[in-house]
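# What the coordinates show
Residues per chain are reported as follows:
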Amino acid sequence: MKREFRGAGIKLLLPPLSIIILLGILPLMVILVWSFWSWDPSTYWIKPDFSLAGYAGILKDGRWTVIVSTLAKALLTAGICLLLAYPAAYAVQFLAGRRGGIILLALMTIPFFTSYLIRAFSWRLVLGRTGVINTWLQTMGITHAPVDWFLFSNFAVIVGLVASYLPFATFPLLLAMRRVDRTILAAAQDLGAGFWHILITILLPLTRSGLFAGFLFVFVMVAGSSTEVQMLGGAGVSVVTIMINDVMRVANYPMAFAISAVMLAVIFGMVLVGNKLFGLASLFEDRSA
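Analysis parameters
- Residues numbered from 1 in each chain as written.
- Predicted model: local features only at pLDDT ≥ 70, side-chain atom pairs only at ≥ 80, totals over all residues.
- Heavy atoms only, no water.
- Helix = DSSP H or I, 4+ residues; strand = E, 2+ residues; numbered from the N terminus.
- Buried < 20%, exposed > 50% of the residue type's maximum accessible area, 1.4 Å probe, protein only.
- Areas by Shrake-Rupley, 256 points an atom, 1.4 Å probe, with all protein chains shown as cover.
- Lys, Arg positive; Asp, Glu negative; His and termini not counted.
- Charge placed at Lys NZ, Arg CZ, Asp CG, Glu CD.
- Contact = heavy atoms within 4.5 Å.
- UniProt positions renumbered as here; feature names shortened; annotations may be inferred.
- Salt bridge = Lys/Arg side-chain N within 4 Å of Asp/Glu carboxyl O.
- Axes fitted to C-alpha atoms, helices over the stretch in contact; angles between N-to-C directions.
- Parallel < 35°, antiparallel > 145°, perpendicular 65-115°, else oblique.
- Nonpolar A, V, L, I, M, F, W, Y, C, P; charged D, E, K, R; others polar.
- Core = buried A, V, L, I, M, F, W, Y, C linked by side-chain atoms within 4.5 Å.
- Expected span 1.5 Å × (residues − 1).
- Bend = angle between axes of the 7 residues up to and from the residue.

### Looking at the overall build of the protein chain
Looking only at helices and strands, the protein chain features 13 helices and 2 strands. Counting only C-alpha atoms and orienting by the principal axes, one finds that the protein chain spans roughly 80 × 75 × 30 Å. A total of 289 residues make up the protein chain; the buried ones form 38% of that total. Accessible surface, the protein chain as shown: approximately 17300 Å² in total, 71% of it carbon and sulfur. Both charge centroids of the protein chain, one from 20 positive and one from 11 negative side chains, sit 5 Å from each other.

Structure below.
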């Protein structure tokens with residue numbers, strides 16, 4: 001009976017697994033293989049001659065600085081999102097109640113009903129020289145002229161990225177908090193533990209998988225985003241996706257694939273390290289069994 005059940009489970013798993021391999025893993029493997037091919041100027045395409053020219057090109061013309069800058073933006077954005085998402089998830093799970101929690105979750109998701117271009121552009125109306133913040137600062141007498149660095153700067157880019165991807169850090173944390181047994185928290189309170197002691201010694205360790213999952217989701221999405229940079233960063237700010245588009249325009253496909261392979265290696269490395277240190281897989285375990 002158990003073998004029949006296991007066999008039926010394997011048959012059910014094959015279709016989605018095949019789709020994941022075909023649409024997910026196979027394209028990534030193609031990118032990795034093609035990153036070691038050579039560019040053929042006669043056909044404006046690549047040919048299967050082993051070459052490290054694509055990876056060598058990353059070290060030229062400041063391309064590696066763009067990769068480092070992109071990773072730094074992704075790390076900073078993910079860190080800020082976690083600092084904001086943790087109290088938000090805590091409020092939804094432990095403070096707001098059922099109806100209040102639904103309202104809070106709706107407020108987080110409603111902005112995503114609009115285009116991401118509109119969401120990014122709206123920050124121009126907030127951060128610009130005649131925007132809401134500058135107008136308020138001058139009205140209150142805090143400043144006597146518009147603050148120029150609010151817009152078309154790294155500050156504006158980070159603000160736009162945090163606003164765009166904050167929910168992707170909140171929902172994994174909320175999932176992790178819903179797996180916490182409330183009787184443990186109640187027992188700690190009965191024993192005289194204060195809020196901060198419970199948070200640091202109990203809640204944070206029990207939700208570390210959600211912390212890393214939220215961090216990883218935001219990091220990956222920021223590393224592959226360009227809209228906020230183009231809309232809020234100005235001409236002087238660049239990220240990996242913009243650099244790849246520029247390289248593709250001149251038909252240097254091996255270098256574009258090499259840049260993509262480097263980013264994939266960084267992300268896969270983070271997943272492996274995170275699963276080892278933070279137990280990422282435990283977020284999806286069935287604890288009812």
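Moving on, there is more to tell.
### Quick notes on the side chain of Ser-35
Its place among the elements puts Ser-35 in the loop between α1 (2–34) and β1 (38–40). Setting aside residues no more than four positions away along its own chain, Ser-35 makes contact with Ser-51, Tyr-55, Pro-254, Phe-257, Ala-258 and Ala-261.

### Observations regarding the UniProt feature "domain: ABC transmembrane type-1" (unreviewed entry) in the protein chain
As annotated in UniProt, the feature "domain: ABC transmembrane type-1" (unreviewed entry) corresponds to residues 67–274 in the numbering used here. Helix makes up 78% of residues 67–274 and strand 0%, and the two end C-alpha atoms of the span are 21 Å apart.

### A word on the UniProt feature "transmembrane region" (unreviewed entry) in the protein chain
Feature annotation in UniProt places "transmembrane region" (unreviewed entry) on residues 12–37, 64–89, 101–118, 149–175, 195–223 and 255–274, given in this structure's numbering. In residues 64–89, the share of helix is 100% and the share of strand is 0%. The end C-alpha atoms are 36 Å apart.

### What about the pattern of salt bridges?
All chains considered together, the criterion is met by 3 salt bridges. Between Asp-49 and Lys-47 there is a salt bridge, and its shortest N-O distance comes to 3.7 Å. Judged by its relative accessible area of 38%, Asp-49 is partly exposed. In this structure, Arg-249 engages Asp-246 in a salt bridge whose closest nitrogen and oxygen atoms are separated by 2.5 Å.

### Quick look at the packing of helix α3 (residues 63–95) against helix α12 (residues 240–249)
Between α3 and α12, whose axes approach to 9 Å, the crossing angle comes to 150°. Viewed along their axes, α3 and α12 adopt a mutual orientation that is roughly antiparallel. Contacts between α3 and α12 involve Arg-63, Val-66, Ile-67 and Thr-70 on the former and, on the latter, Val-240, Met-243 and Val-247. Its residues assigned to classes, the contact of α3 with α12 shows 5 nonpolar, 1 polar and 1 charged.

### Some details on the nonpolar core
By size, the foremost hydrophobic cluster in this structure holds 55 residues, and its most contacted members are Ile-67, Phe-215, Val-218, Phe-219 and Ile-259. With 9 residues, the next largest nonpolar core counts Leu-127, Val-147, Ala-156 and Met-231 among its residues.

### Concerning the environment of Leu-280
Tracing the backbone shows Leu-280 in the segment after α13 (253–278). With 73 residues separating them in the primary sequence, Leu-280 and Thr-207 have C-alpha atoms 10 Å apart. The residues contacting Leu-280, other than those within four sequence positions of it, are Ser-209, Phe-212, Ala-213, Leu-216, Gly-274 and Asn-275.

### Some details on helix α10 (residues 208–223)
Each α-helix turn comprises 3.6 residues. Residues three or four places apart therefore point the same way. Across its 16 residues, α10 extends 22 Å between first and last C-alpha, which sits within 8% of the 22 Å expected from 1.5 Å per residue. Within the sequence span of α10, burial applies to Ser-209, Gly-210, Phe-212, Ala-213, Gly-214, Phe-215, Leu-216, Val-218, Phe-219, Val-222 and Ala-223. In this fold, the buried residues of α10 make contact with α3, α7 (154–178), α12 and α13.

### A few points about α3
Look at α3: 47 Å from first C-alpha to last across 33 residues, which is about the 48 Å you get at 1.5 Å a residue. Remark: the principal bend of α3, roughly 25°, maps to Ala-85, with a proline, Pro-87, within the next four residues. Two residues or fewer past α3, Gly-97 is found with a positive phi of approximately 80°.

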